[in-house]
Structures are given as structure tokens and as C-alpha cells.
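Summary of the model geometry
Letter by letter, the chains look like this.
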Amino acid sequence: MEKGLLVVVSGPAGSGKGTVNHILLESPEYAFSVSATTRAPRPGEVDGVNYHYISVEDFQKRIDDDELLEYTCYCGNYYGTLRAQTEAALEAGKNLILEIEVEGALNVKRLCPEAVLIMLLPPSYAVQEQRLRGRATETEEVILRRLERTREEMEFLSHYDYVVYNYDGQAEACADRIRAIVQAEKSAMRRNPNAKKIFFETN
Ligand code: 5GP
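Residues numbered from 1 in each chain as written. Predicted model: local features only at pLDDT ≥ 70, side-chain atom pairs only at ≥ 80, totals over all residues. Heavy atoms only, no water.

Attention now goes to the sheet that holds strand S2 (residues 30–32). Overall, parallel pairing links the five strands, which are arranged S2-S7-S1-S8-S9 in an open sheet. Looking along the sheet, the strands with just one partner apiece sit at the ends: S2 and strand S9 (162–165). Pairs of neighbouring strands in the sheet enclose a mean axial angle of 30°, with direction left out of account. Sheet analysis places strand S8 (residues 116–121) next to S9, joined by four bridges and oriented parallel. Note that in S9 the partner of leucine 121 across the bridge is tyrosine 165. Along the sheet, helix H1 (residues 17–24) makes contact with strand S1 (6–10), S2, strand S7 (95–98) and S8, crossing S1 at roughly 155°. With respect to the sheet, helix H4 (residues 102–111) is in contact with S1, S7 and S8, its orientation differing from that of S1 by roughly 160°. (Pairing = 2+ DSSP bridges. Helix = DSSP H or I, 4+ residues; strand = E, 2+ residues; numbered from the N terminus. Axes fitted to C-alpha atoms, helices over the stretch in contact; angles between N-to-C directions. Contact = heavy atoms within 4.5 Å.)

Near the ligand you find 16 residues, and of these Ser35, Arg39, Tyr51, Glu70 and Tyr79 are the closest. At 2.5 Å, a side-chain N or O of tyrosine 51 approaches an oxygen atom of the ligand. The protein chains hide 95% of the 510 Å² of surface that the ligand would expose on its own. (Near = heavy atom within 4 Å. Polar contact = N/O pair within 3.5 Å; in protein donor to acceptor, adjacent residues only side chain to side chain. Areas by Shrake-Rupley, 256 points an atom, 1.4 Å probe, with all protein chains shown as cover.)

Attention shifts here to the side chain of lysine 186. Position of lysine 186 relative to the elements: it lies in helix H7 (residues 171–187). Every residue in contact with lysine 186, bar those within four places of it in the chain, is listed here: Glu2, Lys3, Leu5, Asn95, Arg191 and Asn192.

Attention now goes to the packing of helix H5 (residues 125–135) against helix H6 (residues 140–153). Running from N to C, H5 and H6 point in directions that differ by 155°, and their axes come no closer than 11 Å. Judged by the angle between their axes, H5 and H6 are roughly antiparallel. Note on packing geometry: the crossing formed by H5 with H6 is right-handed. In this structure, H5 uses Tyr125, Gln128, Glu129, Leu132, Arg133 and Arg135 to contact H6, whose residues at the interface are Glu140, Ile143, Leu144, Arg146, Leu147, Thr150 and Arg151. Here the contact of H5 with H6 is built from residues that sort into five nonpolar, two polar and six charged. (Parallel < 35°, antiparallel > 145°, perpendicular 65-115°, else oblique. Left-handed = near helix turned anticlockwise from the far one by under 90°. Nonpolar A, V, L, I, M, F, W, Y, C, P; charged D, E, K, R; others polar.)

Sheet architecture is open: four strands sit in the order S4-S3-S6-S5, paired in mixed fashion. Two strands lie at the open edges of the sheet, namely strand S4 (51–53) and strand S5 (68–74), each paired on one side alone. Averaged over neighbouring strand pairs, the angle between their axes works out to 25° when direction is ignored. One ladder, built from two bridges, connects strand S3 (residues 35–37) with strand S6 (residues 77–82); its direction is antiparallel. Residue pairing in the sheet places alanine 36 in a bridge with glycine 80 of S6.

Attention now goes to a nonpolar patch on the surface. On the surface, Val56, Tyr71 and Tyr78 cluster together into a nonpolar patch covering about 260 Å² of accessible area. Note on placement: tyrosine 71 falls in strand S5. The partly exposed category is assigned to tyrosine 71, whose relative accessible area is 39%. (Patch = residues over 30% accessible without salt bridge, like charges linked within 9 Å, V, L, I, M, F, W, Y side chains within 5 Å. Salt bridge = Lys/Arg side-chain N within 4 Å of Asp/Glu carboxyl O. Buried < 20%, exposed > 50% of the residue type's maximum accessible area, 1.4 Å probe, protein only.)

Within the element layout of this structure, threonine 37 appears in strand S3. Not counting chain neighbours up to four residues away, the residues in contact with threonine 37 comprise Tyr51, His52, Tyr53, Ile54, Phe59, Tyr78 and Tyr79.

Next up on the list: unusual backbone geometry. Backbone geometry at aspartate 66 places phi at a positive 60°, although glycine is not the residue there. Its location among the elements puts aspartate 66 in the loop between helix H2 (56–64) and S5. A positive phi angle, near 50°, is found at cysteine 75, a position not held by glycine. Positionally, cysteine 75 belongs in the loop between S5 and S6.

Structure follows, in C-alpha cells:
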């Protein structure tokens, strides 16, 4: 069985990464890494599906118990990737989507160099701002903090392997592009060092 790929998808608030990842997850080849967070659920979010919503004390305990592959503090809340589910999904041959921010992405790349880092961007900063105001799920203060954070995040862009733009109403096309990246990566020669041996020795 082909081993799954660790697919890190980062994107500033309003990039539409939730929608795009949702489309990818319709395929059984993909699984989602459900992070732990100390932030409160947004309307419509479900515990255990979007995130594991936990207290700061619980989060601290998981850090101490080495349960997190990586974690970060983003806009005042903690977010972390649970090590156990990452390993299980990859062993099961799933491409595991880690929807995490830039610092976490770089940490994952350091710990797991085989991970693919994809940055999903709105078509422009101006469009991002329109989207954030349009969805009206956050206060003005949170929106401004997230826009400010985007400027910082863009400084990490060159560390990513791919950049994909999510144009309005084009989430399907965006998901197609990510699928194409994943397929190409799996066929990369550097990921198939035993191709010759397998070719000659398989009946
Ligand atoms: P949100 O509050 O909008 O759901 O997420 C805020 C940011 O935290 C997003 O950029 C999201 O991708 C990121 N994030 C979510 N889970 C994790 C995680 O486990 N680790 C890291 N480093 N970032 C995460």
C-alpha cells in the first residue's frame, strides 16, 4: 500500500481553506488532522470534527505528555496537532491534511521533511478583507488582528513548496490543483528511491 502524504495547507483567514479542505475530504484518500485548541467554537463548529476544544490546563498537560507534534499560540489561543492521529492516518495510506498556520507548518517540515507545504491565498489582500467582513463571524478587533497577522504570515511564503490561489467561487478548481500537487509529489523520483528494484523484482 502506498504510504499517505502529509499535506500542510496554510492560508490566511478568509483564504477559504476550510471549504477547499472540505472538498478534498469527500475523497476517501484524504483525512483531516483534527487539532486541539483552546479557542471557543464558532457557530456551526463541532467538537471532535473541526477541533478538539479543550481548556488551557488540558492543553498544557498534552504538551507535558508529549502528545503534540507541534503547537503554537495564534491570536491569543493555543492550537496543536495531535501526534497519535497523524501517525495512524499515514500508516492507513491516507493523505493527511494539516490545516495549520505558518509557524506550525515550518515546525512540521523540520520534524517531517517529507511533508508538502501548500499556501492557499485569496486572490489579493483587498479581497481577503472583503471576505472577512462579509462572513461577519468575528468582531472588528479580531478581523483587524487577523489582517495584521496576514502581513506577518506572508513573510514565511518562500518556505512553502506551493502557492495556490482561491478565486471567488472556484473552490473546486482549487481542490483539483491541490490533488494534482499531491499526485505529482507521490510520483516524484526522490520519493520513489526503490523504483528500479521494485520494477525488476516484482512478479
Ligand atoms: P481558526 O481559529 O481560524 O480556526 O484558526 C486560526 C489559525 O490556526 C489558522 O491559521 C489555522 O490554520 C491554525 N491552526 C489550526 N490548528 C492548528 C494546529 O494544530 N497547529 C497550528 N500550528 N496551527 C493551527
